[in-house]
Each structure stands twice: as structure tokens, then as C-alpha cells.
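Structural description and commentary
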Amino acid sequence: MRLFYSVVIFIIFHSFVFGQNTILDSTAVDNRYREDQFYVSVTYNLLGSRLNGISQNGFSSGFHIGFIRDMPLNKNRNVALGIGLGISTNSYNQNLLISENANQSLEYSILDKKTTSFSKNKFTTYLLEIPLELRWRTSTALDYNFWRIYSGFKLSYLVHNSSKFKSSEGDILLSNISDFNTLQYGLTISAGYSNINVHFYYALNDIFKNSANIEGQYIRMNAVKIGLIYYIL
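Quick look at the structure, then. Keep in mind the model is a prediction, meaning the values are calculated, not measured.

Quick look at the overall build of the protein chain now. Secondary structure assignment for the protein chain yields one helix and 13 strands. From first element to last, N terminus to C terminus, the protein chain shows the α and β order α-β-β-β-β-β-β-β-β-β-β-β-β-β. By residue count, 43% of the 233 residues in the protein chain fall in the buried class. If you take every contact in the protein chain between residues at least 6 apart in sequence, the share linking residues at least 24 apart comes to 71%. Carbon and sulfur atoms form 57% of the exposed surface of the protein chain, whose accessible area is close to 12500 Å².

So this is what it looks like as C-alpha cells:
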């Protein structure tokens, strides 16, 4: 968790410094400009390819922040590669109960709303992310409002995770659950005009390892994220 918050402070600090330099240099025309960008994104998180019986409830959200280095590939500088570093926190409200038995081994079960009353059941992941993008845009050295389509691949490293269940009969709080996949990866696309764009992420691997199962049946599910992304030049 300390690493997560340290990266947040680092990104915010450098965003401020970068913004100051942008203002000072805004009168100069740079024909070798780059679209280096800080980004902030808010997403609605879905669970795809779910095991039968698992359903979502409430609003599952994601918050993402980071920086992408732009590397133009052509003379017009409207096609580029981008590589970045970011962090995110993602929550998933659903009916999969994660608990421990008397031997402190993990157990999984599907909550039935008809027989179990609970006010909250969710798991949360904190990720260190490396986005890789192929970038197309209509920008010029003097035009900061332009169309863009950024498609790519995102590799994520799980820094921390937690699970929270709350009911009138008691609470279950767990963290650093070993059955979560440490490495997660998926496809991304961002598209739109000017600073605010639509963003989509589809995970290519599952949230849980094969060791997570209910009566021998693997708990298969992947992350799907839909939202908005804001680019700060």
C-alpha cells in the first residue's frame, strides 16, 4: 500500500511541474512535439465470462492515473507509439463470498440473496500498470484539440488486494489473498475528441488463479472496464 500511495504522490507532483513548463513554452512552435500525457480515468467495472450463479450488484468502479511517453513514428507525428506507467484501484461488488475455514484455508461460495442478507460484498485490487499503445491523432504543433484513437495492450502487476463482506451476523475482512493472479493483462482502446475520451479495457486472463474453486469448479472471470479517460498535456 505504501508503494501505491508513493506513486500517486510522484505522479501528481510531476504533473504540476510538467504543467508549469507547458505554460511557459506555449508560445513556441515545436515541429518535433510529442503528445506526452498524464491521464486520469474513471471506469465502470464488469466481470466477464462469469461462473454460473455469480452476479454483480451495486456500482463497481475503477480509478486510474498515470503518464504515457509519446514516440512519433512518422514525419507528420500523427502516428506514434506510447509507453507509460500508472496505478489503479478497482472494486467489484458481487455475490462471491471469500472466507477462511478453521485451518485458515480460503473458501469460496456463492451468496443467495433469498437466504443470506448482506449489506456489502466486494473485492478490490490495487494495480501497478504499464500501458503500451499504437496512437493515431489529427494533432499539429499548434492544435491541442484533435481526434484520436489509441489502441494497445496493458500489463498490470497486483500490488495489493482485499475482500470485504458485511452483514448483520458479522463481517469478513481479508487482504493479500493468494488466489488472485499477480500479473494481469488485456487490450485497451481510447477514442474521442479533445481531452476527454471514451476508454475500454478487456482482460485476456482471469482475475483468479486455478486454485480458486467452488467444489472443484474453477472460478473463471475476467475484468471488463468501460469509462472515460482525461488526458493532460
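That shown, we press on.
Relative to strand S8 (residues 170-175), strand S7 (residues 147-167) runs antiparallel, the two sharing six bridges. From the neighbouring strand, Ser167 faces S8, where its bridge partner is Gly170. The hairpin turn running from S7 into S8, its antiparallel successor, is two residues long.

To continue, consider the pattern of salt bridges. Under the defined criterion, the tally for this structure stands at six salt bridges. A salt bridge links Asp206 to Arg220, with the shortest nitrogen-to-oxygen separation between them at 3.1 Å. Residue Asp206 is located in the loop between strand S10 (196-203) and strand S11 (213-214), and its partner Arg220 is located in the loop between strand S12 (217-218) and strand S13 (222-232); the two are separated by 14 residues in the primary sequence. What makes Arg220 partly exposed here is its relative accessible area of 44%. By sharing partners, the salt bridges in this structure join Asp70, Glu133, Arg135 and Arg137 into a single network.

Counted under the stated rule, the structure contains 11 aromatic pairs. When the centroid spacing of 5.6 Å and the interplanar angle of 75° are considered together, the rings of Phe123 and Phe208 count as edge-to-face. With Phe123 in strand S6 (residues 120-137) and Phe208 in the loop between S10 and S11, this residue pair connects regions lying 85 residues apart in the sequence. An identical accessibility class is assigned to Phe123 and Phe208; each is buried. Ring pairs connect the aromatic residues Tyr92, Tyr108, Phe123, Phe180 and Phe208, which therefore count as one cluster. Above the ring of Tyr150, the side-chain terminus of Arg135 is found at 4.0 Å from the ring centroid. The cationic tip of Lys225 hangs over the ring face of Tyr201; the distance from NZ or CZ to the ring centre is 5.0 Å.

Take the pairing of S10 next. A one-sided burial pattern is seen for S10, the buried positions being Asn197, His199, Tyr201 and Ala203 and the unburied ones Ile196, Val198, Phe200 and Tyr202. The sheet contact formed by strand S9 (residues 183-193) and S10 spans seven bridges and is antiparallel. Its bridge partner lying in S10, Ser190 is registered against His199. Where S10 lies against S13, seven bridges are found, and the strand directions are antiparallel. Opposite Tyr202, over in S13, you have Val224 as the bridge partner.

Another aspect to go through is the environment of Ser88. Secondary-structure assignment places Ser88 in strand S3 (residues 79-93). Judged by its relative accessible area of 0%, Ser88 falls in the buried class. Taking the C-alpha atoms as reference points, Ser88 and His64, 24 residues apart in sequence, are found 4.2 Å from one another. At a separation of 2.9 Å, a polar atom in the side chain of Ser88 contacts the side chain of Glu129.

Leaving glycine aside, a negative phi is the common case for residues, and trans is the common case for peptide bonds. Here the phi dihedral of Arg77 falls at roughly 60°; this positive angle occurs in a residue that is not glycine. At Asn176, a residue that is not glycine, the phi angle is positive and equals roughly 50°. Among the secondary structure elements, Asn176 is positioned in the loop between S8 and S9. Residue class for Asn176 comes out exposed when judged on its relative accessible area of 52%.

Of note, Ile65 is situated in strand S2 (residues 61-72). On the basis of relative accessible area, Ile65 is assigned to the buried category, the value being 11%. Measuring from C-alpha to C-alpha, the distance between Ile65 and Ile87 comes to 5.7 Å, with 22 residues separating the pair along the chain.

The subject of this paragraph is the side chain of Glu35. Mapped onto the fold, Glu35 is located in the loop between helix H1 (2-24) and strand S1 (37-48). Notably, Glu35 is buried but unbridged: the nearest opposite-charge side chain belongs to Arg137, and the N-O separation is 5.3 Å. Excluding residues within four positions of it along the chain, Glu35 makes contact with Ile68, Asp70, Arg135, Arg137, Ser139, Phe146 and Leu233.

So, how was this worked out
Residue numbers restart at each chain and count upward from 1, following the sequence in its written direction. Only residues with pLDDT of at least 70 are given local features in this predicted model, and only at 80 or more are side-chain atom pairs given and counted; all residues enter the totals for whole chains, interfaces and linings. Heavy atoms from the whole structure form the basis of all side-chain values; hydrogens and water molecules are not counted. In this description a helix means any DSSP run of H or I spanning at least four residues, a strand means any run of E spanning at least two, and both kinds are numbered starting from the N terminus. When accessible area is computed with a 1.4 Å probe and restricted to protein chains, residues below 20% of their type maximum are described as buried, those above 50% as exposed, and intermediate ones as partly exposed. For this analysis, residues touch if any pair of their heavy atoms sits within 4.5 Å. Note that accessible areas follow from Shrake-Rupley with a 1.4 Å probe, and for residues the cover is restricted to the protein chains shown. Two strands qualify as a pair provided DSSP detects at least 2 bridges between them. Here, a salt bridge means any Lys or Arg side-chain nitrogen found within 4 Å of an Asp or Glu carboxyl oxygen. Side-chain rings of Phe, Tyr and Trp (the six-membered ring for Trp) are treated as a pair once their centres are within 6.5 Å; stacked means planes under 30 degrees apart, edge-to-face means over 60, and tilted covers the remaining angles. We call a charge positioned above a ring when the Lys NZ or Arg CZ atom is no farther than 6 Å from the ring centre and deviates by at most 35 degrees from the ring normal. Definition of a polar contact: a pair of N or O atoms within 3.5 Å, with one able to donate and the other able to accept a hydrogen when the atoms are protein atoms, and with sequence-neighbouring residues admitted only if both atoms are side-chain atoms. The convention is simple: Lys and Arg are positive, Asp and Glu are negative, and His and the chain ends are not counted.

Keep in mind these numbers describe shape, not what the thing actually does.
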